Each structure stands twice: as C-alpha cells, then as structure tokens.
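Summary of the model geometry
What follows is each chain in one-letter form.
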Amino acid sequence: MNEEEKQVVVVTGGSSGIGRAVALHMAGPGTVICYNYHRSGDRRAKETAKLVEKAGSLAWCARVDVSSQADVKEFFGKIVKDYGRIDVLVNNAGIAIDGLIVRLKESDWDRVLSINLKGAFNCMQAVSKIMMKQRAGSIINMASVVGVMGNAGQASYSASKAGLIGLTKTVARELAARGITVNAVAPGFIDTAMTEGLPEKAREAMLAQIPLGRTGQPEEVAEAVAFLASRKAAYITGQVIHVNGGMYM
C-alpha cells in the first residue's frame, strides 16, 4: 500500500484517555495516526506511538497548542505535506477547570474556552480547507453530557461543550455539499484521568444519576467515534451521539 492509499486520521489530545483509546481503535494496517500533545516531552505521547505502531499503523505526533492558530496551521500543513491528505479529524483536546460561577476566575474561564472551543474551531477551520479540496472527510467533535444538561461547578466546561455542539451543527450544514460529515460524541462519566481525581462523595453522586449504574470506558466512546468516521455513517451529519449509560436521555 503506497502513501496515497493510506487513511490519515488526526486525533487532538491523543496521548492519553479517550484520545488514546480513539487512536488505538482506529489504528491498523493502511492507516496513519497523527495526534498532538501539549506538554513538552510528554511520556504518554511516546507510549501511545508505540501502541499505535504495534497495531500496525504509522504514528506521528507533535507538541501543539490547539488554541494557537499558528501552531494548528503548522501541524496540519506538516501532515498534508508528509501524507497528502486528511480523512478524519477527531477534536478531542480539552481541559476542565472547575469552580462555582461566583468563584470562577476570568483567566480560568478564558483558558477552558480557548482550548475546548477555540481549539476545535482552529482545527476545524484548518482541516475544512483540506477536506473541501478532497470533497470527502469526516470530523468528529468530543462534546460532553454536561454540554446538554449542565453541571454545578462546571460553568466553563459546560459552556465550552455546549458551544462545540452548536459549532458542530453549523459546520455540518456548511460542509455537507462537499461530502464532508461533521458530528459530535457526548461522553458521560468516563473513567479517565479527568474523572479519577473526583472526591468519593462526588463520584457516588454522579453514579447515582446513571441508570446503567457504572462509569463508561474510553474504549466505549472510541467505538462511537470510529462508527461516525466510517462509511457506515456516511448519511449521518450534524448529530450528537450520547455515550452516557442513560445519564441524559
């Protein structure tokens, strides 16, 4: 298989958690998995590369701040230069800085919105131009259950994910004529580094809201992402797929 025939998948925030699960789920012979990390010398990014290559894919990663248009432009430019195309973009990079609205610092609000919403916008804008020339492609944005139902203490995170859902639907309408699908996956309470630090009482309260009575696994979210990126989902666009154990119905 030559370079032109390889499927090129980009996963932002792909070094750990849901991002790593998505990268590994989509890895296999004939696929190039490109992803970014933010911390310099991130050990987890190298671990992900080894796992991706073990699955049969070519792995390429770079340190990129998705809130920086210059970083994002350089990142996608390098991918297209080396591999010729981009077939799938998964906007997964995100952070959470929790706090009640009366105590939330403006700087924390700005940081969360800058990474979670502006970062996704930067990546979508960059990849849209590439996919429009191809007249094909799939974009999947990682939203959240709190983006549709809210959650006390997560004003910035909830707002960023609600905004991402609106952005998903708008860009889906804009790109449909070029054969590009744009969807979102909204995970619920998933076992990741972001949730494992919760106090036990908060964890129990969250579990009490889930009809299936358990947390989700990153791999279960990755299954939904892979489906939306596949040809089986070619007639699905502008949708939000909820993976939350019934927490939001």
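Residues numbered from 1 in each chain as written. Predicted model: local features only at pLDDT ≥ 70, side-chain atom pairs only at ≥ 80, totals over all residues. Heavy atoms only, no water.

**Structural notes on the pairing of strand β6 (residues 180-187)**
For β6, a buried count of 8 out of 8 residues is recorded, marking the element as mostly surrounded by other parts of the structure. Neither face of β6 is exposed, since Ile-180, Val-182, Ala-184 and Ala-186 on one face and Thr-181, Asn-183, Val-185 and Pro-187 on the opposite face are all buried. Sheet topology note: the strand β5 (residues 137-142)/β6 ladder contains 6 bridges and is parallel. Looking across to β6, one finds that Ile-140 is bridged to Asn-183. Of the pairings in the sheet, the one linking β6 to strand β7 (residues 240-243) comprises 4 bridges and is parallel in character. (Buried < 20%, exposed > 50% of the residue type's maximum accessible area, 1.4 Å probe, protein only. Helix = DSSP H or I, 4+ residues; strand = E, 2+ residues; numbered from the N terminus. Pairing = 2+ DSSP bridges.)

**Some words on the packing of helix α1 (residues 17-26) against helix α2 (residues 43-54)**
In a packed pair of helices, the relevant descriptors are the angle between the two axes and the axis-to-axis distance. Running from N to C, α1 and α2 point in directions that differ by 20°, and their axes come no closer than 9 Å. Comparing their axes, α2 and α1 come out roughly parallel. Remark: the crossing between α1 and α2 carries right-handed chirality. Residues Arg-20, Ala-23 and Leu-24 of α1 form the contact with α2, whose own contacting residues are Arg-44, Glu-47, Thr-48, Leu-51 and Val-52. For the contact of α1 with α2, the class distribution of residues is 4 nonpolar, 1 polar and 3 charged. (Axes fitted to C-alpha atoms, helices over the stretch in contact; angles between N-to-C directions. Parallel < 35°, antiparallel > 145°, perpendicular 65-115°, else oblique. Left-handed = near helix turned anticlockwise from the far one by under 90°. Contact = heavy atoms within 4.5 Å. Nonpolar A, V, L, I, M, F, W, Y, C, P; charged D, E, K, R; others polar.)

**Examining a nonpolar patch on the surface**
On the surface, Leu-100, Ile-101 and Val-102 cluster together to form a nonpolar patch covering roughly 320 Å² of accessible area. Positionally, Leu-100 belongs in the loop between β4 (88-91) and α4 (106-134). (Patch = residues over 30% accessible without salt bridge, like charges linked within 9 Å, V, L, I, M, F, W, Y side chains within 5 Å. Areas by Shrake-Rupley, 256 points an atom, 1.4 Å probe, with all protein chains shown as cover. Salt bridge = Lys/Arg side-chain N within 4 Å of Asp/Glu carboxyl O.)

**Remarks on the environment of Ala-184**
Residue position: Ala-184 is located in strand β6. Separated by 18 residues in sequence, Ala-184 and Gly-166 place their C-alpha atoms 9.9 Å apart. Among residues more than four places away in sequence, those in contact with Ala-184 are Asn-141, Ala-143, Thr-168, Leu-228, Gln-239, Val-240 and Ile-241.

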